[in-house]
Amino acid sequence: MKNITIIGTGYVGLVTGVGLSEFGNKVICVDINQSKINDLNAGKVPIYEPGLLDLIRKNVNSERLFFSSDIASSIKESEVIIIAVGTPQSKNGSADLKYVFDALDSISENLNSYKVIVTKSTVPIGTGEKIITKLKKKYEDNIDFDYVSNPEFLREGSAVKDFLWPDRVIIGTNNEKALQIMRDIYRPLYINKNPIQRAAVETSEMIKYASNSFLALKISFINEIANLCESVGADVHDVAIAMGKDGRISDKFLHPGPGFGGSCFPKDLEALLSLSKEHSVTMETLQAAIKANRNQKERIGEKLDRLVSGGIKGKKIAILGLTFKANTDDVRESSTIDLIKFILNQGGFVNAYDPIANESMAKIFNDIHYFDNVYDAICEVDALVIMTEWNEFRALDLNRIKKSMRNNYVLDTRNILNMKELSEQGFVYDNIGRIKI
Ligand code: NAD
Ligand code: UGA
């Protein structure tokens, strides 16, 4: 059991804090956002993440999990300090490390005893070395710490499960003592199976970017295959299933859709590309994945415009699903943002519904109409577009919807609706890469 402070209580910091306390450690989650800490101390969870609230309650009650805005004293009483602040994209595409270095300043001002300093935020290759150099320079080597890169691979929407049962835990360090301490904090995982892989700091940083980039590349690839399927009369669903049966390819991340979004893939690909340019290394595949994704996002608007007779000018469109994927409240880089912009630019009108994220999207578009349920959102609209694969959209009452809509156009960008039923109900529909029935 270790005393741990986690700096940054966002999607990653909070889930990591909860997970490590569940593993038996004593964890303090700190944040500069006082209202977030107040909410957590009042039993409110600032993000939507399945299973998180129960686990927070359990570990708070067991006095293993604490929330605080007193960053200095939390650092002083901990042996392991984990940086989990944001690393957003800066104007030139590179990762903005402002928050990481602010967190590091808090750490370096409070180094009262030996500490393992861990970066869990996704940071460009070379950042660990910069952190080590900065600390050593400040203290002229008269300082007792070790550094570890420990990137996180959880997905929003299944973050708790991903953290508690990870495929791998990467510990990037050149130091045996720090490695042992990290093994200790992840001990329950280590006992059951051994997902822990040790690496050099730079390698660990690269593993994170390479993994995200490869997954994004896979999505862009299947999206382009889907687009070609539409032109040649093949069905991408069957293609993806068959491809996935080949163990070398795997069936994961072969779902075509409206383009990948979220707070990570888009910015991480840009950051890796920017780093590759800095080192004069060409990365054609990365550039292609980014470009294909931009095209895919544009293509959705164009598909809708083609589907609706006479185009979408003056038409009312219901958008179902606002988040970048299901089971999260996160709308960052959601393809829905591009679609709403497109519809408004074309002179169309938007009715929006999301089971969780209406409020988040209203911060970006406050002049469209938001609804509390599907059936109010689709009333008297010309077209309906599924943008997020929320489970509740898989079982829509199409008969009721048909009667309530003014026109009969459906664009299913997640391929979740039953095509046979759509046809039988008389909808004019489109999707991504499927043979229409
Ligand atoms: P987030 O924006 O949800 O949370 C970051 C938190 O850090 C915020 O609450 C902010 O107030 C706090 N913060 C900023 N500066 C601080 C400081 N100096 N001291 C204390 N708190 C501070 O970010 P996130 O989505 O959790 O992502 C964090 C990092 O993890 C990023 O590098 C991201 O790329 C990476 N990552 C994210 C995910 C994900 O699914 N969101 C998964 C894996 C890795
Ligand atoms: C992704 C990675 O999956 C995590 O391993 C990683 O830790 C995280 O980024 C990160 O670094 O932040 P996340 O962005 O939460 O996780 O969600 P994903 O499930 O990867 O989905 C990302 C986007 O790709 C979504 O817009 C999703 O709809 C899209 N996607 C995903 C597809 O279009 N098709 C697929 O087959 C899979």
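Structure first, text after, so check above.
Residues numbered from 1 in each chain as written. Chains lettered and ligands numbered in written order. Predicted model: local features only at pLDDT ≥ 70, side-chain atom pairs only at ≥ 80, totals over all residues. Heavy atoms only, no water.

Asks: Give a description of the site of ligand 2 that names residues and reports values.
Replies: In the neighbourhood of ligand 2, 19 residues make up the surrounding shell, with Phe153, Leu154, Lys208, Cys264 and Phe324 lying closest. Gly261 is positioned with one of its backbone polar atoms (N or O) 3.0 Å from an oxygen atom of ligand 2. About the coverage of ligand 2: the protein hides 91% of its 700 Å² of free accessible area. Counting residues per element, the ones that place at least two in the shell around ligand 2 are helix H10 (201–232) and helix H12 (265–278). It is H10 that contributes the most residues to the shell around ligand 2, three residues altogether. Each of domain 1 (3–199) and domain 2 (201–437) contributes no fewer than three residues to the shell around ligand 2. (Near = heavy atom within 4 Å. Polar contact = N/O pair within 3.5 Å; in protein donor to acceptor, adjacent residues only side chain to side chain. Areas by Shrake-Rupley, 256 points an atom, 1.4 Å probe, with all protein chains shown as cover. Helix = DSSP H or I, 4+ residues; strand = E, 2+ residues; numbered from the N terminus. Domains from an automatic or database assignment.)

Asks: Now, about the pattern of salt bridges: what can you tell me, with residues and values included?
Replies: Following the criterion strictly, the structure yields 24 salt bridges and no others. Here Arg187 and Asp184 are joined by a salt bridge, their closest N and O atoms 2.9 Å apart. Three or more residues are tied together by salt bridges with common partners; here these are Glu230, Arg299, Lys303, Asp430 and Lys436. (Salt bridge = Lys/Arg side-chain N within 4 Å of Asp/Glu carboxyl O.)

Asks: An account of the side chain of Asn293 is requested, with residue identities and associated values reported.
Replies: Looking at the element boundaries, Asn293 is found in helix H13 (residues 284–307). Ignoring any residue separated from it by four or fewer positions in sequence, one finds Asn293 in contact with Ser220, Gly259 and Phe260. (Contact = heavy atoms within 4.5 Å.)

Asks: I'd like a description of empty space enclosed by the protein, backed by residues and values.
Replies: Summed over all chains, the structure comprises one cavity of 30 Å³ or more. In terms of lining residues, the largest cavity is bounded by Thr119, Ser121, Thr122, Val123, Ser149, Asn150, Pro151, Glu205 and Lys208. Of the residues in the lining of the largest cavity, the class split is two nonpolar, five polar and two charged. (1 Å grid on protein atoms, 1.4 Å probe; cavity = no way out; pocket = protein on both sides within 12 Å on 5 of 7 lines; lining within 4 Å. Points joined across faces, edges and corners; volume = space filled by probe spheres on them. Nonpolar A, V, L, I, M, F, W, Y, C, P; charged D, E, K, R; others polar.)

Asks: Would you mind going over a negative patch on the surface in detail, with residue names and values included?
Replies: A surface patch of negative charge is lined by Glu298, Glu302, Glu333 and Asp338. Considering the arrangement of structural elements, one finds Glu298 in helix H13. (Patch = residues over 30% accessible without salt bridge, like charges linked within 9 Å, V, L, I, M, F, W, Y side chains within 5 Å. Lys, Arg positive; Asp, Glu negative; His and termini not counted. Charge placed at Lys NZ, Arg CZ, Asp CG, Glu CD.)

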